[in-house]
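Inside the fold
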Amino acid sequence: MVEIEIDGKTVEVPEGSMVMHAANKLGIFVPHFCYHKKLSIAANCRMCLVEVEKAPKPMPACATPVSNGMKVHTHSPKAVAAQKSVMEFLLINHPLDCPICDQGGECLLQDLSVGYGGSKSRYDVEKRVVFHKPLGPLISAEEMTRCIHCTRCVRFGQEVAGIMELGMAGRGEHSEIMSFVGQSVDSEVSGNMIDICPVGALTSKPFRYSARTWELSRRRSVSPHDSLGANIVAQVKQGEVLRVVPMENESINECWLSDRDRFSYEGLRSEDRLTRPMVRRDGQWQVTDWRSALDQAALSLGAARVDHGGDSIGALAAPFATFEELYLTQKLVRGLGSDNVDFRLRQTEFGIDEHGKGAPWLGLPIADLSELADVLLVGSTVRKDHPLIAVRLRVAATQHGLQVHLLHAADDDLAMPVASRVITGPQSWRSELLGVLASVLAERGLAAPAALADALSGVQPSENQRALGRVLCASERAAVLLGNAASSHPQASDLLRIAAAIGDAAGCASGVLGAAANSVGGYLAGATPRALGAVAARALAATGRDAARQLDEVRRAYLLLHADPATDFANGAQAMKAFGGADAVVALTSYTSPELLEVASVLLPVAPFTETAGSFVNAEGRLQSFNGVVMPLGETRPAWKVLRVLANLLEVGGFDYESVEDVRAEALLGSVAADASGVAIADSLVSGESRVSVFEGHLSNQVDGPLSCAPMADCQAGQLQRLGEVPIYAGDPIVRRAPSLQATRDARRSEVATLHPDSLAALGLTDGDRVLLGSADAGDEWTLSADVHLAPGVVRVPAAVAGSIGLGTPFGPLSVRKL
């Protein structure tokens, strides 16, 4: 440690620290523009000049290393004079458009100019003009004359986003920040450039000219779009969310936000929003009042119970519903005499229900991802599926030596170094992981686990598998993480079982990244046929049907929560057929769609996350509660209230809740413990003391028993193995309805089917051909595109988009016929 003195105060900082770090530790503000705690040091704005005793001239605090006994003055006459001189230079060419600048009121240059700027300029020559730059649908660079060349945006792209999309061209006063040859900025975390820009050069294009910053109310919330649970601040004016920015939380999202979290708010005011209850009468949709709609819904569910028994009712809830909503959904359905409830709508295999020991989770705290030395990603395009987890891994890989290893069917650019990769079809993932497990066991000198002995017999690890096994065994901090594609894989429970065995044998972590806000919380809320904790004691005969069986064995009545039948299920065509064959479909939804209008019988408008209170349990098992940031739109009501009233109409007991906090306390007690000790735990969670250890007894990636999944179906002549991932901007109804996100390059990529050039040649096709892709269910027309990064024999057709609804499950074989 090095001891220095700043403004008469003594502080100790690690050797190699800069004066700026020491000042921050003391809480002393040093004016700056280019310095940012998460970026490398550039020292090009010079605003942080300070006086260092025995130094001949002022020194930049951000780039001056500390030394023992150093004495620094940040507000001495010499330091202030230097800072004012720098400010004068910065303002020479800056335009005088503060009254119309979107950054006005939250502009760092504006703030510092009050303290360090002059009342007038000594320069009377013409100011320079920098023409606007087209950067895409999310970032506006219409006023680049404001740019002060701090290069924060450039460094962010290189060091955090992993791709240099902006750079500085020219010299002197001709320097300009620009994209490469007019390209748009396409990073999935590009919106952070808006936050870190200290002036109004880069602004939010969707928010532009919508409101002044002092008109906005700021309210904390949690993002529902992936399993991270990023903390956000929703900025509201006149009951409408106009902007979303990050709420700093080092243990979760640091100070960053993905574009999906930042710009999806546009979908909250979509034309598809359902704002009044609707019922179908004589085949026609009619708008009605809440009482009539609820009576109709209760009548439909009650009739199914009376005429066909409680088992004839099924409930399917989206995994981005709140913890409280999921809890009440399963409680209502079980109160009606059915265990047919599930939230895992995009999964196709559910062996974990019978053999799992708890809720699958990340296996380690999110913050620990930054400390890993090695990570094996299985079935994960982590950059698109979990952008902010990718940021942690990228920074660790580029700055701290993390070795990333990949097992997937696509070798996508993860914008980070990848130490090793195995690119093979989904049908080979289980055997590849078994090879790694065999290698780890051999390296450790361990016998095969009894449950996996048969599966491992005769397995001869390849050289790549042996090398990976040695790496995992030698690493002090390693993890095996299953991604979204692995979770929806037809052998998902086997992949989880093998990954956990690798972790046990190698002494490393193993876990599941999780696709949605409550991928963990759904288990803890009991929203599965075989519930956890105290909810399991209230389950019936444990014969409930999972999501796939509910569609295969059509129920008489369905209760849908936040789920669109075409795009939120693994097999949209099967979902449409099942719901179309039911006597009644009661949908609690925030949006309508043509498919939902086709199969539903009652539509009850319920609030999205911004208009209701609730909780999400993120990938690490952390419960985060939030309140609504705006009033519900139209006649929309919070789903927990609708479920409460519906239960009362159906005469299901135990639904006398007065607040969402009452629901949360009961749900937490039910998921944590069955005895009175759970009350204290529930109280601590409600008060905000939410840690992974609270759910420790119910978080587990262990799966008992031998491998149980059937082999994947072989492809016949003319068929290819489908890789059906959900695109980054198609994961939930809000994101799918955000116009700016749907105008990005990532959204446009989901309009084509891709396959390896060798597969194209084998089928006699060429890049750009129009083909009919078909499954056993149906088919649709697609344009083909060659992609050398895909495994041969695999066709990548995105899920959750209009053209893929009839293509069946995400990993089924597809026939290909040229049109």
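Treat the numbers as computed from the prediction; the structure is a model and nothing was measured.

Attention now goes to the overall build of the protein chain. Summing up its helical and strand segments, the protein chain has 28 helices and 33 strands in all. Scaling as 2.2 N^0.38, a compact globule of 819 residues should have a C-alpha radius of gyration of about 28 Å, and the protein chain matches this with 28 Å. When its C-alpha atoms are laid out on the principal axes, the protein chain stretches across 90 × 65 × 65 Å. Per-residue burial over the protein chain gives 60% buried out of 819 residues. Long-range pairs, those at least 24 residues apart, make up 72% of the contacts in the protein chain with a sequence separation of at least 6. Element-wise, carbon and sulfur atoms account for 51% of the exposed surface of the protein chain, whose accessible area totals about 31100 Å².

Moving on, we get to helix 7 (residues 290-308). For helix 7, which comprises 19 residues, the first-to-last C-alpha distance of 27 Å matches the rise-based estimate of 27 Å (1.5 Å per residue) to within 8%. By the burial criterion, the buried members of helix 7 are Trp290, Ala293, Leu294, Ala297, Ala298, Ser300, Leu301, Gly302 and Ala304. The residue sitting at the N-terminus of helix 7 and contributing the capping side-chain oxygen is Asp289; that oxygen lies 3.1 Å from the backbone nitrogen of Arg291.

Turning next to helix 1 (residues 19-26). Every buried residue belonging to helix 1 is among Val19, Met20, Ala22 and Ala23, and all of these are buried. For helix 1, the buried positions fall inside an angular range of 160 degrees around the axis, keeping them on one side. Contact partners of the buried residues in helix 1: strand 1 (2-6), strand 2 (9-13), strand 3 (49-52) and strand 5 (71-73). Just beyond helix 1, the residue with positive phi is Gly27, at close to 80 degrees.

For the rest of this paragraph, the subject is the sheet that holds strand 13 (residues 240-246). Reading across the sheet, the three strands line up as 11-12-13 and stay open at both edges, with antiparallel pairing between neighbours. The open sheet has two free edges, formed respectively by strand 11 (217-222) and strand 13, since each of these has just one partner strand. Recorded for the sheet is a direction-independent mean angle of 35 degrees between the axes of neighbouring strands. Bridge count between strand 11 and strand 12 (residues 231-237): six bridges; the pairing is antiparallel.

Even without being glycine, Tyr209 reaches a positive phi, approximately 65 degrees. Residue placement: Tyr209 occurs in the loop between strand 10 (203-204) and strand 11. Overall, Tyr209 belongs to the exposed group, its relative accessible area being 54%. One non-glycine residue, Asp282, lies in the positive phi region at around 55 degrees. Of note, Asp282 is situated in the loop between strand 14 (278-281) and strand 15 (284-287). When its relative accessible area of 81% is taken as the criterion, Asp282 is described as exposed.

Looking now at a negative patch on the surface. A surface patch of like charges, here negative, comprises Asp656, Glu658, Glu661 and Asp662. In this fold, Glu661 is placed in helix 23 (residues 660-672).

Here the focus is the sheet that holds strand 10. The three strands lie next to each other as 6-7-10, forming an open sheet whose pairing is antiparallel. This sheet does not close on itself; its edge strands, each paired only once, are strand 6 (133-134) and strand 10. In the sheet, strand 6 pairs with strand 7 (residues 139-141) via two bridges, with the strands oriented antiparallel. For Pro134, the partnering residue across the bridge sits in strand 7 and is Ser140.

What the rule picks out here adds up to 45 salt bridges. The salt bridge partner of Glu553 is Arg549, with a shortest N-O separation of 3.3 Å. Through salt bridges with shared partners, a single ionic network connects Glu188, Arg383, Lys384, Asp413, Asp746 and Arg749.

Helix 11 (residues 387-399) packs onto helix 4 (residues 152-161) with a crossing angle of 90 degrees between their chain directions and a minimal axis gap of 8 Å. By the angle class used here, helix 4 and helix 11 are roughly perpendicular. Residues Glu159, Val160 and Ala161 of helix 4 lie in contact with helix 11, whose contacting residues are Val391, Arg394, Val395, Thr398 and Gln399. Taken together, the residues that form the contact of helix 4 with helix 11 break down as four nonpolar, two polar and two charged.

For the protein chain, per-residue confidence averages 92 on the pLDDT scale, and residues scoring 70 or more make up 95% of the total. Confidence drops under a pLDDT of 50 for residues 673-693, and excluding neighbours within four residues, the segment shows 31 contacts in the predicted structure.

Moving on: the packing of aromatic side chains. Under the definition given, this model contains seven aromatic pairs. Taken together, a centroid distance of 5.3 Å and an interplanar angle of 85 degrees make the contact between Phe343 and Tyr523 edge-to-face. Remark: Tyr523 occurs in helix 17 (residues 521-524) and Phe343 occurs in the loop between strand 17 (341-342) and helix 9 (352-355); sequence separation between them is 180 residues. Centroid distance Phe655 to Tyr657: 5.9 Å. Interplanar angle 80 degrees. Geometry classified as edge-to-face. For the pair formed by Phe655 and Tyr657, the shared burial category is buried. An aromatic cluster is built from Tyr558, Phe569 and Phe579, whose rings are joined through pairwise contacts. Its end group placed over the ring of Tyr591, Arg273 keeps NZ or CZ at 5.9 Å from the ring centre. The aromatic ring of Phe655 is capped on one face by Lys331, whose charged end is 5.0 Å from the ring centroid.

What follows covers the packing of helix 7 against helix 22 (residues 639-649). Across the interface, helix 7 lies against helix 22 with an axial gap of 9 Å and an inter-helix angle of 60 degrees. Here helix 7 is positioned oblique relative to helix 22, judged by the angle of their axes. Seen from above, helix 7 lies across helix 22 with right-handed handedness. Between helix 7 and helix 22, the residues in contact are Trp290, Arg291, Leu294, Asp295, Ala297, Ala298 and Leu301 and Val642, Val645, Leu646 and Leu649, respectively. Looking at the contact of helix 7 with helix 22, its residues break down into nine nonpolar, no polar and two charged.

Mapped onto the elements, Glu176 comes out in strand 9 (residues 176-179). As a C-alpha pair, Glu176 and Ala600 span 424 residues in sequence and 55 Å in three-dimensional space. Dropping the residues within four chain positions of it, Glu176 is found in contact with Val130, Lys133, His149, Gly167, Met168 and Ala169. A polar side-chain atom of Glu176 sits 2.9 Å from a polar atom in the side chain of Lys133.

What counts and what doesn't
The numbering scheme is per chain: residues are counted from 1 as the chain's sequence reads. Selection of residues for local features in this predicted model requires a pLDDT of at least 70, selection of side-chain atom pairs for listing and counting requires 80 or more, and totals for whole chains, interfaces and linings are taken over all residues. The side-chain values count all of the structure's non-hydrogen atoms but skip hydrogen atoms and water molecules. Helix numbering and strand numbering both begin at the N terminus, where a helix is a DSSP run of H or I of at least 4 residues and a strand a DSSP run of E of at least 2. Throughout, radius of gyration means the C-alpha value; the globule benchmark is 2.2 Å times the number of residues raised to the power 0.38. Classification of residues uses two cut-offs on accessible area relative to the type maximum, computed with a 1.4 Å probe and protein chains only: under 20% is buried, over 50% is exposed, and between them is partly exposed. By definition, residues are in contact when any of their heavy atoms lie within 4.5 Å. Surface accessibility follows the Shrake-Rupley procedure with a 1.4 Å probe radius. Residue values consider only the protein chains on display as shielding. The span you would expect from a helix comes to 1.5 Å times its residue count less one. Here a polar contact is taken to be a pair of N or O atoms separated by no more than 3.5 Å, where protein atoms must pair a possible hydrogen donor with a possible acceptor and residues adjacent in sequence count only if both atoms sit in side chains. Each C-beta atom gives one direction from the helix axis, and the arc is the one those directions make. Note: two strands are recorded as paired if DSSP finds a minimum of 2 bridges between them. Between the N-to-C directions of two axes lies an angle of 0 to 180 degrees, each axis being a line fitted to C-alpha atoms and, for a helix, fitted only over the stretch in contact. Grouping into patches uses exposed residues only, defined as over 30% relative accessible area, and leaves out salt-bridged ones; the cut-off is 9 Å for like charges and 5 Å for nonpolar side chains (Val, Leu, Ile, Met, Phe, Trp, Tyr). Any carboxyl oxygen of Asp or Glu within 4 Å of a side-chain nitrogen of Lys or Arg constitutes a salt bridge here. Here Asp and Glu are counted as negative and Lys and Arg as positive; His is not counted, and neither are the chain ends. Note on charges: their place is set at NZ of Lys, CZ of Arg, CG of Asp or CD of Glu. Comment on the angle field: the value is read as roughly parallel under 35 degrees, roughly antiparallel over 145, roughly perpendicular from 65 to 115, and oblique elsewhere. Three classes are used, and their members are as follows: Ala, Val, Leu, Ile, Met, Phe, Trp, Tyr, Cys and Pro are nonpolar, Asp, Glu, Lys and Arg are charged, and the others, Gly among them, are polar. The predictor attaches a confidence to each residue, called pLDDT, with possible values from 0 through 100. Put simply, two rings from Phe, Tyr or Trp (the six-membered ring, in Trp's case) pair if the centres are within 6.5 Å, and we call them stacked under 30 degrees between planes, edge-to-face over 60, tilted for the rest. The criterion for a charge sitting over a ring is simple: Lys NZ or Arg CZ within 6 Å of the ring centre, and within 35 degrees of the ring normal. Crossing handedness is read from the near helix: turned anticlockwise from the far helix by less than a right angle, it gives a left-handed crossing, and turned clockwise, a right-handed one.

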